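For reference, the chains in residue letters:
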Amino acid sequence: MPKVKQERTGWRDEGLSLRHRQWGFDCPMTDIDFLALEYDTGKAKAIVEYKNEHAQLQYPSHPSYRALIDLGNRAELPVFACRYSDDFSKYKVTALNFHASKFCPVPAELTEREWVSMLYKIRDREI
């Protein structure tokens, strides 16, 4: 049987993380670092997993991302992976589901203004 991955940072709620790992390999969960629900007037508009440019690479094929994509698909929401630069001048945006590909058909490096413009477009609003 595969081993449960060990807690690697120690800064999350380590007690809950360790307890959940005792439940075994077949009871997976993930603590998503910076998951954002973009919304407007109380209605969900998009799910974005933000990561700093220096963070580990994101892989849409990973089970935790597949679960996030499944959530977005069920809710009919766009799901994006977004890596931002330290100075917030660049955003590398990748659509993770069909709904997101309507706004960003291919991975793109956007300026902050371009990314914010896309967020407004997702909300059917103008800047």
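As a reminder, the structure under discussion sits directly above these lines.
Quick caveat, the model's predicted, so the values are computed rather than measured.

1. Quick word on the sheet that holds strand β5 (residues 108–111)
Line of reasoning, step 1. Read from one edge of the open sheet, five strands run β1-β2-β3-β4-β5, paired in mixed fashion. At either margin of the open sheet sits one strand with a lone partner, and together these are β1 (35–40) and β5. Sheet twist, expressed as the average angle between the axes of neighbouring strands with direction ignored, equals 35°.
Line of reasoning, step 2. By the bridge criterion, six bridges tie strand β2 (residues 43–52) to strand β3 (residues 79–84) in an arrangement that is parallel. Within the sheet, the bridge partner assigned to Lys51 lies in β3 and is Arg83.

2. With respect to the side chain of His99
Line of reasoning, step 1. Here His99 shows up in helix α3 (residues 98–101).
Line of reasoning, step 2. Here His99 is in contact with Gly72, Asn73, Glu76, Leu77 and Pro78, once residues within four sequence places are set aside.

3. Observations concerning the pattern of salt bridges
Line of reasoning, step 1. One pass over the structure, following the stated rule, counts five salt bridges.
Line of reasoning, step 2. Across the pair Asp70 and Arg74 runs a salt bridge, and its minimum N-O distance is 2.8 Å. Remark: Arg74 and Asp70 occur in helix α2 (residues 63–75); sequence separation between them is four residues, near one turn of the helix.
Line of reasoning, step 3. Of the residues examined, Asp70 reaches a relative accessible area of 34% and is grouped as partly exposed.
Line of reasoning, step 4. Close ionic contact of Lys92 with Glu109 constitutes a salt bridge, the shortest N to O distance being 4.0 Å. Residue Lys92 is located in strand β4 (residues 90–95), and its partner Glu109 is located in strand β5; the two are separated by 17 residues in the primary sequence.

4. Quick word on the nonpolar core
Line of reasoning, step 1. Counting residues in each nonpolar core, the largest one holds 15 residues, and the members touching the most others are Tyr50, Phe80, Cys82, Val93, Trp115 and Met118.
Line of reasoning, step 2. If you list the elements that add at least two residues to this core, you get β2, β3, β4 and α4 (112–122).
Line of reasoning, step 3. Of the residues forming this core, the biggest block, four residues, is contributed by α4.
Line of reasoning, step 4. Discounting residues that sit within four places of it in the chain, Trp115 has contacts with Val48, Tyr50, Phe80, Cys82, Tyr91, Val93 and Leu110.

5. Comments concerning α2
Three or four residues apart is the spacing at which side chains of an α-helix point the same way, because the helix has 3.6 residues per turn.
Line of reasoning, step 1. Compared with an ideal rise of 1.5 Å per residue, which puts 13 residues at 18 Å, α2 spans 18 Å between its outermost C-alpha atoms and is within 8% of the ideal.
Line of reasoning, step 2. One or two residues past the end of α2 sits Glu76, with phi positive at roughly 55°.

6. Quick notes on the packing of aromatic side chains
Each aromatic ring pair is specified by the distance between its two centres and by the angle formed by the two planes.
Line of reasoning, step 1. Counted according to the given criterion, the structure contains five aromatic pairs.
Line of reasoning, step 2. Relative to Tyr50, the ring of Phe34 has its centre 5.8 Å away and its plane inclined at 85°; by these criteria the two rings are edge-to-face. With Phe34 in the loop between α1 (14–22) and β1 and Tyr50 in strand β2, the pair connects residues that are 16 residues apart, well separated along the chain.
Line of reasoning, step 3. Judged by relative accessible area, which is 12%, Tyr50 ranks as buried.
Line of reasoning, step 4. Every member of this aromatic cluster is reached through a ring pair, and the members are Phe34, Tyr50, Phe80, Tyr91 and Trp115.

7. Digging into the side chain of Arg123
Line of reasoning, step 1. As for its position among the elements, Arg123 is in the segment after α4.
Line of reasoning, step 2. Within the local environment of Arg123, its side chain forms a polar contact with the backbone oxygen of Tyr39, the two atoms lying 3.0 Å apart.

Conventions and cut-offs
- Residues numbered from 1 in each chain as written.
- Predicted model: local features only at pLDDT ≥ 70, side-chain atom pairs only at ≥ 80, totals over all residues.
- Heavy atoms only, no water.
- Pairing = 2+ DSSP bridges.
- Helix = DSSP H or I, 4+ residues; strand = E, 2+ residues; numbered from the N terminus.
- Axes fitted to C-alpha atoms, helices over the stretch in contact; angles between N-to-C directions.
- Contact = heavy atoms within 4.5 Å.
- Salt bridge = Lys/Arg side-chain N within 4 Å of Asp/Glu carboxyl O.
- Buried < 20%, exposed > 50% of the residue type's maximum accessible area, 1.4 Å probe, protein only.
- Core = buried A, V, L, I, M, F, W, Y, C linked by side-chain atoms within 4.5 Å.
- Expected span 1.5 Å × (residues − 1).
- Phe/Tyr/Trp six-rings, centres within 6.5 Å; stacked < 30°, edge-to-face > 60°.
- Polar contact = N/O pair within 3.5 Å; in protein donor to acceptor, adjacent residues only side chain to side chain.

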